[in-house]
Amino acid sequence: MDNLRKTESRKNKLEEQLNSVGQKVNELKEKFQTRTTEAAKLEAEVSRAQETIDAAEKLIHQLDGEHKRWNAQMAEITEELATLPKRAQLAAAFITYLSAAPEDQRRASLQAWMESSGLQKFDLRHFLCTESEQLIWKSEGLPSDDLSMENALVILQSCACPFLIDPSSRATEWLRTHLKQQRLEVISQQDSNFMTSLELAVRFGKTLIIQEVDGVEPVLYPLLRRDLIAQGPRYVVQIGEKVIDYNEDFRLFLATRNPGPFIPPDAASIVTEVNFTTTRAGLRGQLLALTIQQEKPELETQKTRLLQQEEDMKIQLAQLEESLLETLATAQGNILENKALIESLNQTKSSSALIQESLSESHRLQASLDQERDAYLPLAESASKMYFVITDLSKINNMYRFSLASFLRIFQRALQSKQECENTEARIASLEASLKSMVYEYVCRSLFKADQLMFALHFVKGMYQDLFQENEWDAFTGLIVGDMVRKADSQKSMREQIPSWIDQERHPAVALFKSTFPVLYQTLCLSDGDLWLTFSRSSCCEQDFPNTIAKKISLFQQVLVVQALRPDRLQSAMAAFSSQALGMRELSPPPLNLKRLYSETLEIEPVLIIISPGADPSQELLELASETVGRENYHEVAMGQGQADLALATLRECARSGEWLCLKNLHLVTAWLPLLEKEMNAMQPKAGFRLWLTAEVHPKFTPILLQSSLKITYEAPPGLKKNLLRTYESWSPEQVSKGGQLTRAQALFCLAWFHAVCQERRNYIPQGWTKFYEFSLSDLRAGFDIIDRLFEGGKAFQWEFVHGLLENAIYGGRMDSLCDLRILRSYLLQFFSSRLLSAGQSRGRKSSPFPAQISLPNSCSVLDYRGMIENLPEDDRPAFFGLPANIERSSQRIISSQVISQLRILSRSVAAGSKFDREVWSSGLSPILNLWKKLNQGSSLIHQKVPPPSESQGSPILSFIVLEQFNGIRLVQSIHQSLAALSKVIRGTSLLTADVHKLATALLNQECPLSWQNKWEGPEDPMQYLRAVVARALAIQSWVEKAEKQSLLTDTLDLSELFHPDTFLNALRQETARSMGCSMDSLKFVASWRNSISAATLQVKVGGLKLEGCSFDGNRLSENQHDSPSVSAVPSCYMAWIPQSAAGSYSPEECISLPVYTSAERVRVVTNIDVPCGGSPDQWIQSGAALFLTQQ
C-alpha cells in the first residue's frame, strides 16, 4: 500500500513537475511566438527601410542629372540676364542703324560694338528668333542667305515703318505670304483708289503693304510719325484733308523695286530702310542653295529634316521637364513612397538622355552635311562674281542693265545641263564652263558690237585675277603715273637708253614701261634688234613675238609689250588675249535672229530691242509674228506725243487675249516708262502674249524696265556691200526703172553709193569724219526725191542742184566742221557729174570713182544693180572711201584707246552723284593726287609769284607770252588749291563743300572738271590734262626768256608748248601789221617747207608737227602704204603773215590747205597750212590728211 501511495505521490509529484514543465513550455512557446512576431516585424521594417533607401538613392541620382543641367542653365540664364540690356541694345542698334547696310558693314559694325560693350559673343538671329521660325520663313519663300534672314528680323521687329528696297520682289512676296493671316491688303502708290484703301486700313486696323513707292508721299508722314490726336478714349489721325479714327492694330509696310529710291532726310528718320539689294555674299548663299537643290536635293531635305527633328526633340525635352516639375510640385504624402512618381521620373530621365544623344548626333550630321554643301561653294562664288562683273556695265551705257532674276534663270539652265562627271570637282568645272559661255553670250547680244571687246576684257579681269600680276592692269589702263619728262635733256638721255629700232614716237611709252616693270623689261632683251626685227615689221605683230621671249612672259605681258611698242596692233592683241583667256574662238557670239530669240521669251518678260540709229527690226518682227501668231494678232504702236493712253489700252487688250504687241521708239517717251513698267508688273497675261519694245540708247531710260526685260541689240550690219543691198531692198523695181531713163537709174546708184560711203566712213572717226554724224534713211529718201524730181519733164539735168542741196541741206546740213564739209564736197563732185554718167563709159576705167568690181550696168533693172553689188567683197577696202591703205593702223589705235578708257570707267568704285564715302574717294582719287604730287616735285610753279601783266608791254608777241605764263601759273595754282581742298576732305581735316563734291564726282567719273576746262580747254582725261598743264607751264618759262632776249623768232618753236597756239599766230599777225604799218585784214597767212619766206617781215619756224593720212618729205605729199606708220613726222615749217598782194611760196594749183589740230583727236583747229601736193587735191582731202601739234 505504501508502495502504492509512494508511487502515487511520486506520480503526483512527477505530474506536477510535468505540468510545470508544460507551463514552462507554454510560456516559452508564447515567448517564442512573440519574439518571432517581433522578428518578422523588424524584418519587414528593415526591408521597407531598404526600399526607402533605394528609392531615395534613385531619386537623388535621377534629380542629380537634372540638377546639374538646371544649374548649368541657371548659370547661363543668369549670365544672359546680366548681358541682356547690352544685347538688347545691340539688337536695337542693328535694327535702327544697320538695316540698309550690306553684310560686310554689318559684321564690322557689330564686331566694333561688341568690343566696346565688352560682350564676348552675340548672335542677332539667335537672340531675336528661333530656328523653327527661320525654317517657317524659308518655307514661305524668303531667300536663305544671311542678309535676307536678318532683314526679315528687322522688318518684323522694327518700331518704325519698314521701307523695303527690294529689286527682285522676293522679299515683298515673302512678306505677303507671311502676313496673309492678318487681314492683309496690298496696294500700289499709283492706284486710283490709293487714298480710300489707306483710310479704310487705318480705320479698321488692317495690315497694309504699299508697293512701287519711289519716294515717301507727304500724305503718309502723319502715319509714319504717329501724329495721333487723343479724342476721349480714342485716337484719330489726319490723312490728307480727313481726320480718321486710328486703330491700334494698323500696320504699314512700304516697298519699292527701285534700287536707289529717293528718301528725303525728314523721311529717313521715320522709316526703317531695309535693303534687299543683292550683295556678293548674299548672292553666293542663294546660288549655293540653288545648286544644292539641283545637284544634291537629298542634302537639303536631310538638313531640313534634322533641323525639324532637333526642334521637335527640344520641344519634347521642354515638355518632359515641365511634367517632371509639375509631378514633383503636386506629389502628396511621403514622396519616397510614391512609386508612380518615381516611375515617371525614370521615364523622363531615359527620354531626355536619348534626346540629348540624338541632338549631339544631329549636330554631328549637320556638320558633315555642311561639309558636303561647301564642296559647291567655289561654283557659287564664281557665279556671284560673274553677276557683279556684268552689273558694272551700266557705268558704260545706261541700257546695259541685267536683273538678278534673269541671271538666276541662266544659272538654273546651266545646272540642268546633264553631263556625266566622275567627281564633284569635275562637275563643278564643267558647270562653271557652261555657265561662263551662257552668261557671256547672253550679255554680248545685249551689247553693241563696239563694246564687245571691252566686255570681254572686263570679264577676263573680273573672273581670272590670277592672269594679271601686280600693277599690270593699272599700267594697261593708264592709272600708273610716270615721272614728269622734262624737255630736251631728258629726251637725249631717253634716246641713249632706248634701243634705236623703236620708233621715236614710242620712246615716252617705253620709258614708262621700263620704270614700271624693270624686271619684265630686262627679260625682253629689247636691245637685241635682230631678235625683234620680225616683230617690229610684222603686220600682225601680236602673233610674231620672238619665240624665246614668248615662253618667258605671260599672255597679258605680251599685250603690255604691244601697247608700248606697237599700239597700231593693240586692238588685235587685246582680242587675241581675251579669246584665249575665255577659251573661245570668237569674241562675237553667233548672230541672233528674232526667231531663235523667241524660243527664250516668256509672256511676263518684255523683249527690248536696242537699235542703233538707222537700223529697224520692224520688218523682221512682222515676218516672225505672221509666221508664229498670224498677222491679225500682231499690233504696233509707234510712241510719240499722245500715244501713251492708246499704248496702255492696247497692252491691256493684248495681254487679255494673248496677242503680240510692239511699242516702237520708247526713247521718245522716257518719262512715261515707269508707268508702263508698273502696268506690266501688275498684269497677269495670257500664255501667248508677247511684248516687244524698240528703243535707241537713252541715258534716262528707266533702270527697272531695262532690268526686267530680255535685251538684244539690233545694228545695221557693217560694210558697203550690206549697206547698198539694204538701199536696193528699200527701193522697188518701179522706183529704179521709172521712165526707162538709163541716166536716172545710174544716178540713183551713185546716190546709193554716196550714202553708203558717208555712213561707213563713220567707222574711221576721227580720220574719216571728225565726229559721228547721224546720216539716216531720211537723208537717202530726200536725195532720192531730188533726183526723181530733176529727171521729170525730160529737161536737161542740172548737177549743181544736187551738189548744192546735198552739201548745204541734206547731208552737209548735219556737219559743223569745215574739214568734213570739204570731204563731202569732194565726194559730191566725184559721184554726181555728167562726166561719170555720160555715154563715155568705155573711155577706160581710170576716171571712174568706183572700185574695179563696179561697172555701171547699161540697164534700168534692179536685178542688174543688185547682181553688181554682190560682186563686192564682204570687208571694205580703205580705197573704197579714198582713205589711205594703213587706216587700219590708225583705227586700231583709236579703238583700243576707247576700249581702255571704258575699262577705266568700269574700274571706278563709285556711281556718279553718290554720297561721300571716305574710303571710296580715297582709293578712287589717290592716282590723281599722287600724279599731281609727282608732277610738281622739284618745280616752283605752285608757290611762284607772278605779277599780273601790265598794258605797257611793247610787242604783241611778248605781251601774249607773258600773259600765257601768268595764266599758266595761275591755272596750276588754282588746280593745286582745288586738289588740296579735296585732299583735306579725304583726310578729314576739312568739311565737304559743294565745289569739292563737284570736283570729286567729275574726277571719279574720269572726266575733267568744268572748273578746270573753263580756264583752259585741254584733254578730256584728267590725268592727261594735269600732265599737259604742268608741261606747258614749265615750257613757257623758256619762251619768256627767249622773248625777252629777242631770240624767239630765230629759234625753232614747238607750238604744242603753248596753251593757246592760235592766239600766238594772231599775235604774230598783229606784230607784222604794226611793223609794216598796214591793217591786219590786209595780211594773209602763208607757210613754206623749203626755205624762209622772202616776202615776210616777221616769220616763225615751227617744228614738231605730225602728219596723219599721208606722208610728206618736204617737197610733196605721197600716199601711205599698207605698212607705213599711222603718224609720221614732217620737216620744220616757216610760217608768216604777208600782204594779200604778195605771192606765196606755192601756186594755188600745186598745193592743198591742210588743217593743223592741237591733238590727234581732231577737236580744235589751230590754223590751216598749205602743203605742196602736186595736183589732185581730192585724193588728199578724202584720205583725211591733217597735221597736228605733238602731244606731250
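The residue numbers shown here count from 1 along each chain, following its written sequence. The model is predicted, so local features are restricted to residues of pLDDT at least 70 and side-chain atom pairs to those at 80 or more, both for listing and for counting; the totals for chains, interfaces and linings are taken over all residues. No hydrogens and no water enter the side-chain calculation; it runs on all heavy atoms of the structure.

1. Points about the overall build of the chain
Here is step 1 of the chain: We count a stretch as a helix when DSSP gives it H or I for four or more residues in a row; a strand needs E for two or more, and each element gets its number in order from the N terminus. Along the backbone of the chain there are 45 helices and 24 strands.
Here is step 2 of the chain: With the C-alpha coordinates aligned to their principal axes, the bounding extent of the chain is approximately 210 × 75 × 75 Å.
Here is step 3 of the chain: Across the 1192 residues in the chain, those meeting the buried criterion constitute 47%.
Here is step 4 of the chain: The long-range fraction of contacts in the chain, counting pairs at least 24 apart against all pairs at least 6 apart in sequence, stands at 73%.
Here is step 5 of the chain: Accessible surface, the chain: about 59,200 Å² in total, of which carbon and sulfur atoms supply 52%.
Here is step 6 of the chain: Taking the average place of the 124 positive charges on the side chains of the chain and the average place of its 141 negative ones, the gap between the two points comes to 2 Å. In this scheme, a residue with accessible area under 20% of its type's maximum is buried, one over 50% is exposed, and one in between is partly exposed, where area comes from a 1.4 Å probe on protein chains only. The contact criterion used is simple: two residues touch if any of their non-hydrogen atoms lie within 4.5 Å. For the area figures, the Shrake-Rupley method with a 1.4 Å probe applies, and any residue is considered shielded solely by the protein chains shown. All tallies of charge rest on Lys and Arg as positive and Asp and Glu as negative; His and the ends of each chain are not included. Where a charge lies is defined by one atom per residue type: Lys uses NZ, Arg uses CZ, Asp uses CG and Glu uses CD.

2. A short note on helix α13 (residues 377–391)
Here is step 1 of the chain: To estimate how far a helix should reach, multiply one less than its number of residues by 1.5 Å. Its 15 residues give α13 an end-to-end C-alpha distance of 21 Å, which sits within 8% of 21 Å, the value for a rise of 1.5 Å per residue.
Here is step 2 of the chain: Turning to α13, its buried residues are L379, A380, S382, A383, S384, M386, Y387, F388, V389 and I390.
Here is step 3 of the chain: Of the surrounding elements, those touching the buried residues of α13 are α10 (280–295), α14 (404–416), α15 (424–444) and α16 (452–463).

3. Quick word on the state of the cysteines
Here is step 1 of the chain: The term disulfide is used for any two cysteine sulfur atoms that are within 2.5 Å. One pass over the full model with this rule turns up zero disulfides.
Here is step 2 of the chain: Of the cysteine sulfurs around C1151, a residue in no disulfide, the closest is that of C1173, at 6.7 Å.
Here is step 3 of the chain: Looking at C1151, the relative accessible area reads 11%, which means it is buried.

4. Here we look at the packing of helix α19 (residues 507–516) against helix α23 (residues 555–565)
Here is step 1 of the chain: Axis definition: a line fit to C-alpha positions, over the contact stretch in the case of helices; interaxial angles, taken between N-to-C directions, run 0 to 180 degrees. In contact at an axis separation of 8 Å, α19 and α23 are set at 145° when each is read in the N-to-C sense. Between α19, through A509, V510 and F513, and α23, the contact on the second element is made entirely by L560, V561, A564 and L565.
Here is step 2 of the chain: Residues are grouped as follows: nonpolar covers Ala, Val, Leu, Ile, Met, Phe, Trp, Tyr, Cys and Pro; charged covers Asp, Glu, Lys and Arg; every other residue, Gly included, is treated as polar. In terms of residue class, the contact of α19 with α23 is made up of seven nonpolar, no polar and no charged.

5. Here's the deal with the environment of S1118
Here is step 1 of the chain: Structurally, the position occupied by S1118 is in strand β19 (residues 1117–1118).
Here is step 2 of the chain: Along the primary structure S1118 and C1173 are separated by 55 residues, whereas in three dimensions their C-alpha atoms are 7.9 Å apart.
Here is step 3 of the chain: Beyond its immediate chain neighbours, meaning those up to four positions away, S1118 contacts C1110, S1111 and W1180.

6. Looking at α10
Here is step 1 of the chain: Across its 16 residues, α10 extends 22 Å between first and last C-alpha, which sits within 8% of the 22 Å expected from 1.5 Å per residue.
Here is step 2 of the chain: By the burial criterion, the buried members of α10 are G282, L283, Q286, L287, L288, A289, L290, T291 and I292.

7. A closer look at the UniProt feature "domain: Dynein heavy chain ATP-binding dynein motor region" (unreviewed entry) in the chain
Here is step 1 of the chain: Within this numbering scheme, the UniProt entry marks residues 137–354 as carrying the feature "domain: Dynein heavy chain ATP-binding dynein motor region" (unreviewed entry).
Here is step 2 of the chain: Along residues 137–354 the backbone is 50% helical and 19% strand, and the end-to-end C-alpha distance reaches 29 Å. UniProt positions are given in the numbering used here, feature names are shortened, and annotations may be inferred rather than shown by experiment.

8. Overview of the packing of α16 against helix α38 (residues 887–906)
Here is step 1 of the chain: Running from N to C, α16 and α38 point in directions that differ by 50°, and their axes come no closer than 9 Å. Considering the angle they form, α16 stands oblique to α38. Of the two possible hands of crossing, α16 and α38 adopt the one that is right-handed. Contacts between α16 and α38 involve L453, M454, L457 and H458 from the former and V899, Q902, L903 and L906 from the latter.
Here is step 2 of the chain: Counted by class, the contact of α16 with α38 contains six nonpolar, two polar and no charged residues. Angles are sorted into four bins: roughly parallel if under 35 degrees, roughly antiparallel if over 145, roughly perpendicular if 65 to 115, and oblique for all others. Working rule for handedness: look at the near helix, and if it is turned counterclockwise from the far one by less than a right angle, call the crossing left-handed; if clockwise, right-handed.

9. Let's talk about empty space enclosed by the protein
Here is step 1 of the chain: A 1.4 Å probe that fits but cannot get out identifies a cavity on a 1 Å grid over protein atoms alone, an open set with protein on both sides within 12 Å along at least five of seven lines counts as a pocket, and a residue lines either if it has an atom within 4 Å of a point. Grid points are joined across faces, edges and corners, and a volume is the space filled by probe spheres set on the points. This model, assessed by the stated rule, comprises four cavities of 30 Å³ or more.
Here is step 2 of the chain: If you add up the space inside the largest cavity, you get close to 110 Å³.
Here is step 3 of the chain: Looking at the largest cavity, it is lined by 17 residues, and the ones nearest its centre are C819, I823, R1162, G1184 and A1185.
Here is step 4 of the chain: Elements with a minimum of two residues in the lining of the largest cavity: α35 (818–831), β22 (1151–1157) and α45 (1177–1182).
Here is step 5 of the chain: Looking at which element gives the most residues to the lining of the largest cavity, the answer is α35, with four residues.
Here is step 6 of the chain: Partitioning the lining of the largest cavity into residue classes produces 10 nonpolar, four polar and three charged.
Here is step 7 of the chain: One number sums up the size of the second largest cavity: a volume of about 90 Å³.
Here is step 8 of the chain: P143, S148, S168, F276 and Q286 are the residues nearest the centre of the second largest cavity, which is lined by 14 residues in total.
Here is step 9 of the chain: Secondary-structure elements contributing two or more residues to the lining of the second largest cavity are α5 (146–157), α6 (170–178) and α10.

10. Side note on the side chain of T694
Here is step 1 of the chain: Mapped onto the elements, T694 comes out in strand β12 (residues 690–695).
Here is step 2 of the chain: Residues within four places of T694 in sequence aside, it is in contact with I609, I611, P617, C662, L663, K664, N665 and L666.

11. Concerning the pattern of salt bridges
Here is step 1 of the chain: Whenever a carboxyl oxygen of Asp or Glu lies within 4 Å of a side-chain nitrogen of Lys or Arg, that contact is scored as a salt bridge. One pass over the structure, following the stated rule, counts 39 salt bridges.
Here is step 2 of the chain: Salt-bridge contacts for E173 lead to R176; the nearest nitrogen and oxygen are separated by 3.9 Å. In this pair, E173 and R176 both sit in helix α6, three residues apart, roughly one turn of the helix.
Here is step 3 of the chain: Its relative accessible area of 43% is what places E173 among the partly exposed residues.
Here is step 4 of the chain: Residue classification places R176 among the partly exposed positions, given a relative accessible area of 31%.
Here is step 5 of the chain: Taken together, the shared-partner salt bridges connect K721, K722, E870 and E874 into one network.

12. So, the nonpolar core
Here is step 1 of the chain: Ranked by size, the top nonpolar core spans 124 residues in total, and within it F476, L663, L666, W672, L676 and W692 carry the most contacts.
Here is step 2 of the chain: Those residues within four positions of W692 in sequence are excluded, and the remaining contacts are L594, L597, Y598, V607, I609, L621, L624, W660, L661, C662 and L663.
Here is step 3 of the chain: Membership of the second largest hydrophobic core comes to 105 residues, among which are L720, F791, L1083 and A1087. To define a nonpolar core, start from buried Ala, Val, Leu, Ile, Met, Phe, Trp, Tyr and Cys residues and group those joined through side-chain atoms within 4.5 Å.

13. Observations regarding the packing of aromatic side chains
Here is step 1 of the chain: Stacked, tilted and edge-to-face are the three classes applied to pairs of Phe, Tyr and Trp rings, where Trp contributes its six-membered ring and a pair requires centres within 6.5 Å; stacked means planes under 30 degrees apart, edge-to-face means over 60, and tilted covers the rest. Tallied over the entire structure, the rule returns 49 aromatic pairs.
Here is step 2 of the chain: Centre to centre, the rings of Y728 and Y865 are 5.9 Å apart; their planes meet at 10°, and the pair counts as stacked. In this pair, Y728 is assigned in helix α30 (residues 720–730) and Y865 in helix α37 (residues 862–870), connecting sequence segments 137 residues apart. In terms of burial, Y728 and Y865 fall into one category: buried.
Here is step 3 of the chain: By the ring-pair criterion, three or more aromatic residues cluster together here, those being Y728, W731, F749, W753, F784, Y827, F831, F850, Y865 and F880.
Here is step 4 of the chain: Over the aromatic face of W769 sits the side chain of R761, whose NZ or CZ is 5.4 Å from the ring centroid. Charges are assigned to positions over rings by a cutoff of 6 Å between ring centre and Lys NZ or Arg CZ, combined with an angular limit of 35 degrees from the ring normal.

14. Here we look at the sheet that holds β22
Here is step 1 of the chain: When DSSP finds two or more bridges between a pair of strands, those strands are recorded as paired. Here five strands make up an open sheet; going across it, the order is β20-β17-β24-β22-β23 and the pairing mixed. The sheet is open, and its two borders are formed by β20 (1127–1129) and β23 (1165–1172), each paired with just one other strand. The sheet shows a mean angle of 35° between the axes of neighbouring strands, taken without regard to direction.

15. A word on unusual backbone geometry
Here is step 1 of the chain: The amide bond that connects I765 to the next residue, P766, takes the cis arrangement and shows omega of 0°.
Here is step 2 of the chain: Mapped onto the elements of the fold, P766 is located in the loop between α32 (742–760) and α33 (777–790).
Here is step 3 of the chain: Unlike most non-glycine residues, R183 shows phi in positive territory, near 40°.
Here is step 4 of the chain: Position of R183 relative to the elements: it lies in the loop between α6 and β2 (184–188).
Here is step 5 of the chain: One non-glycine residue, C525, adopts positive backbone phi at about 50°.
Here is step 6 of the chain: Along the polypeptide, C525 turns up in the loop between α20 (518–524) and α21 (533–537).
Here is step 7 of the chain: On the basis of relative accessibility, which here comes to 31%, the residue C525 falls in the partly exposed class.

16. Focus on the pairing of strand β6 (residues 242–246)
In regular strands, side chains alternate between the two faces of the sheet.
Here is step 1 of the chain: Here strand β5 (residues 234–239) runs beside β6; their pairing, made up of five bridges, is antiparallel. When the bridges of β6 are listed, V236 appears paired with D245.
Here is step 2 of the chain: Following β5, the chain reverses through two residues before pairing antiparallel with β6; G240 in that reversal takes a positive phi of roughly 65°.

17. Remarks on the confidence of the model for the chain
Here is step 1 of the chain: Residues at a pLDDT of 70 or more form 97% of the chain, whose mean pLDDT is 86.
Here is step 2 of the chain: Here residues 839–845 is a poorly scored stretch, pLDDT under 50, and it has eight contacts once near neighbours within four places are set aside; other chains count. Confidence of the predictor at the level of single residues is captured by pLDDT, which takes values from 0 to 100.

18. Regarding the sheet that holds β12
Here is step 1 of the chain: Ordered in space as β10-β11-β12-β9-β13, the five strands form an open sheet in which the pairing is parallel. Two strands lie at the open edges of the sheet, namely β10 (634–638) and β13 (710–714), each paired on one side alone. Taking the axes of each pair of neighbouring strands and ignoring which way they run, one obtains an average angle of 20° across the sheet.
Here is step 2 of the chain: Examined bridge by bridge, strand β11 (residues 660–664) and β12 share four bridges and lie parallel to one another. Residue pairing in the sheet places C662 in a bridge with W692 of β12.
Here is step 3 of the chain: Set on the sheet, helix α26 (residues 618–628) makes contact with β10, β11, β12 and β13; between it and β11 the angle comes to about 175°.

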